[in-house]
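# Report on the structure
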Amino acid sequence: MADQETDHAYGTAAPDAPATRTELERAIRNLNLADLELRDTLLKLAARVVALTDELTRRIDGVEPLPAPPGTPAPPPTRTVEAATDAAVQSTLTAIRVSDARLATRVSLDYGGPKYTTESPAIPCAELIPLCHARCCALSFALSTEDLDEGVICWDYGQPYLIRQRASDGYCVHNDPDGRGCTVHSFRPRVCRSYDCRGDKRVWIDYDQRIPAPLVRGQIETTVDPEPREFDLVERARARSTAFSREVISIGESYAEPAPRKGPKPSR
Ligand code: SF4
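About the criteria used
Along every chain, residues carry numbers that run from 1 in the direction the sequence is written. The predicted origin of the model limits local features to residues at a pLDDT of at least 70 and limits the giving and counting of side-chain atom pairs to 80 or more, whereas totals for whole chains, interfaces and linings rest on all residues. Excluding hydrogens and water, the side-chain figures rest on all heavy atoms present in the structure. Neighbouring residues are identified by heavy atoms, a residue being near a molecule or strand if any of them is within 4 Å of it. Here the term charged refers only to Asp, Glu, Lys and Arg, the term nonpolar to Ala, Val, Leu, Ile, Met, Phe, Trp, Tyr, Cys and Pro, and the term polar to all other amino acids, Gly among them. Each helix is a run of DSSP H or I of at least 4 residues and each strand a run of E of at least 2, with the numbering of both proceeding from the N terminus. One less than the residue count of a helix, multiplied by 1.5 Å, gives the span that helix is expected to have. When accessible area is computed with a 1.4 Å probe and restricted to protein chains, residues below 20% of their type maximum are described as buried, those above 50% as exposed, and intermediate ones as partly exposed. Salt bridge, as applied in this entry: a Lys or Arg side-chain nitrogen positioned within 4 Å of an Asp or Glu carboxyl oxygen.

Okay, the site of the ligand next. Near the ligand you find Cys137, Cys172, His174, Asn175, Cys182, Val184, Pro189 and Cys192, and these make up its full shell. Partitioning the shell around the ligand into residue classes produces six nonpolar, two polar and no charged.

Let's shift gears to helix α2 (residues 21-61). Its 41 residues place the ends of α2 58 Å apart at the C-alpha level, agreeing with the 60 Å of an ideal helix rising 1.5 Å per residue. For α2, the full list of buried residues reads Glu25, Ile28, Arg29, Asn32, Leu33, Leu36, Leu43, Ala47, Ala51, Glu55 and Thr57. Of the residues one or two after α2, Gly62 is the one with positive phi, at around 75°.

One pass over the structure, following the stated rule, counts 18 salt bridges. For Glu25, the salt bridge identified is with Arg21, shortest N-O distance 2.9 Å. Residue Glu25 and its partner Arg21 are located together in helix α2, separated by four residues, close to a single helical turn. Assessed through its relative accessible area of 37%, Arg21 is described here as partly exposed. In this structure, a network of salt bridges that share partners links the residues Glu55, Arg58, Arg59 and Glu64.

Take unusual backbone geometry next. Following Leu66, the chain continues into Pro67 via a peptide bond in cis, with omega recorded as 10°. Assignment of secondary structure puts Pro67 in the loop between α2 and α3 (81-101). The step from Pro160 to Tyr161 runs through a cis peptide bond, and the omega angle for that step is -10°. Along the chain, Tyr161 falls in the loop between α5 (145-150) and α6 (190-194). One non-glycine residue, His133, lies in the positive phi region at around 55°. Along the chain, His133 turns up in the loop between α4 (125-132) and α5.

Set out below in structure tokens:
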């Protein structure tokens, strides 16, 4: 009798039923979005406070606020404090978001576009792997909402949404440690498809001469990344916003359950 009851699609689950990886990742993605939303609300509040403080500095002290040189006279006011603050909020918010984009602790999400239409540079990877040891597959980068939705490419739960890497050699978990090939080639992320190693000093001392960068105990130096220019940071801050809007839509339009599930009959 009990077996017959559990044969119905009640949509319930036993209290000790295991959670799937899909369920876990959906929950983590939702928590990350809640964190980002809260953080963005704080940044907006901070922008208003900074804009207001700047305007009061002009009105009360008669000087331009930092980063202007000390003692720079402020022009006479032409509008109310409220109107002047409103006008300055957006540019102040952009500056604050740019600073925020520099922080390594931020949740990272790729925003470069759909992966299946991404063109790859003409590099004979299979031919070069014996020389370069696919060291590009030990670089760290963020996945996209498209990757997260597919659920094939693994990400680092401790550093969302960076590609998951192995402690043993620092490579991406999808890299074959013997032949150094990609074991998920048809699903590989957009960054893997568009990446061009030819000018990257972490990979090649000289690509044309086929002189690879040194390997240190099988690992490559992944921290040599040029400081992004201010313009890049502004673009990055804008694109982050777009990327997370996509993430909000994707989570909001997805379902927690793929199909009817058979579970125990509710006791009450
Ligand atoms: S997904 Fe494939 S191509 Fe991309 S880093 Fe991992 S092993 Fe390399």
